[in-house]
Each structure stands twice: as C-alpha cells, then as structure tokens.
Amino acid sequence: MDAIIRKLQTLKKQALAEYSHFHVAAILVTREGQEISGFNIESSSYSLTICAERVALFKALSEGYREFKEIYIMSDDERPCPPCGACRQVLLDYAPDIQVVMVGASGEMQKVPLRDLLPYAFDKQRLIR
Ligand code: THU
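Residues numbered from 1 in each chain as written. Predicted model: local features only at pLDDT ≥ 70, side-chain atom pairs only at ≥ 80, totals over all residues. Heavy atoms only, no water.

> Sorry, what's going on with the pattern of salt bridges here?
It is possible for side chains of opposite charge to pair when their charged atoms get near one another. Applying the stated rule across the entire model yields seven salt bridges. We note a salt bridge from Asp77 to Arg79, for which the minimum N-O separation is 2.7 Å. One salt-bridge network, held together by shared partners, links Arg31, Glu32 and Glu67. (Salt bridge = Lys/Arg side-chain N within 4 Å of Asp/Glu carboxyl O.)

> What is the right way to read unusual backbone geometry from this model?
When glycine is set aside, most residues are seen to have a negative phi, and most peptide bonds are trans. Backbone geometry places His21, a non-glycine residue, at a positive phi of 60°. Under the relative-accessibility criterion, His21 is labelled exposed at 55%. For Tyr120, which is not a glycine, the phi torsion comes out positive at approximately 55°. For Tyr120, a relative accessible area of 85% gives the class exposed. (Buried < 20%, exposed > 50% of the residue type's maximum accessible area, 1.4 Å probe, protein only.)

Distances and angles like these do not, on their own, reveal function.
In structure tokens, the structure reads:
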C-alpha cells in the first residue's frame, strides 16, 4: 500500500475529535517535497474546532513554507474526504494552485485541483481598488 495512505491512517488516530468522533488527517506536501501533517482539533466550544487541513497549512506557514504541491486528506469514511468550504478558502489564499487528493479510509483516491473545488472564489485580488 502507498506509504502516504499508511501515514494518513496512523495520523488520523491522533485526531482530537472527542465531540464528533470524526477523525481527519491531512498531509500537506511542499514544493520541496516536505510533508507537513495535521489532524482535526476540536473544542468544547464546538465552533472553535479547527480542521485537519488548516492545522497542516498553518503549521507549514508558521515554519516558513510558502509553496505547496498537494494536500492529502483522509477521514474514517470509505469515501474520499473532501475539504470543507472554510478550508477551501484558506487553501486558495495560500496555495491557489494546489492539488487536493481526497482519500477514502482504505485508500481510494480522487485528485482534483483546488480551483475546481471553489468556483467563483473570493480572493485577494478583490481587495485591490
Ligand atoms: N473536519 C476536518 O478536519 N476536515 C474536513 O475537511 C471536514 C471536517 C473535522 C472538523 C470536525 O472536527 C469534524 O471533522 C466533524 O466536522
């Protein structure tokens, strides 16, 4: 089995998801091939929860990485797990050309460019007047 699938399966078990019990893992791959991992971290004040994808992205940004090739996402579901709308927006802000690889719990993969997941997107160009 693909090494990345095993990494996602292991990582997902560490998710801090005691409220939803929905475990998600994300691995962000930088231009240099560095893998930055994340899992969802939930809060007792539910809305403060942060998704696996944004944990991985914010970790990477705070470590100085600025260019990204791919993000792999896996949940407990056999169906490949798509990123939520909030994560799509933040990914677009920092990694507009990234490929999103949605992975099912047993390894089924679906790869889609982020831009296809967020048509008619709001982006920083809109802020320029
Ligand atoms: N979640 C993610 O981590 N990524 C997604 O793309 C979808 C949702 C998390 C947030 C919350 O902890 C749990 O899954 C249920 O929504």
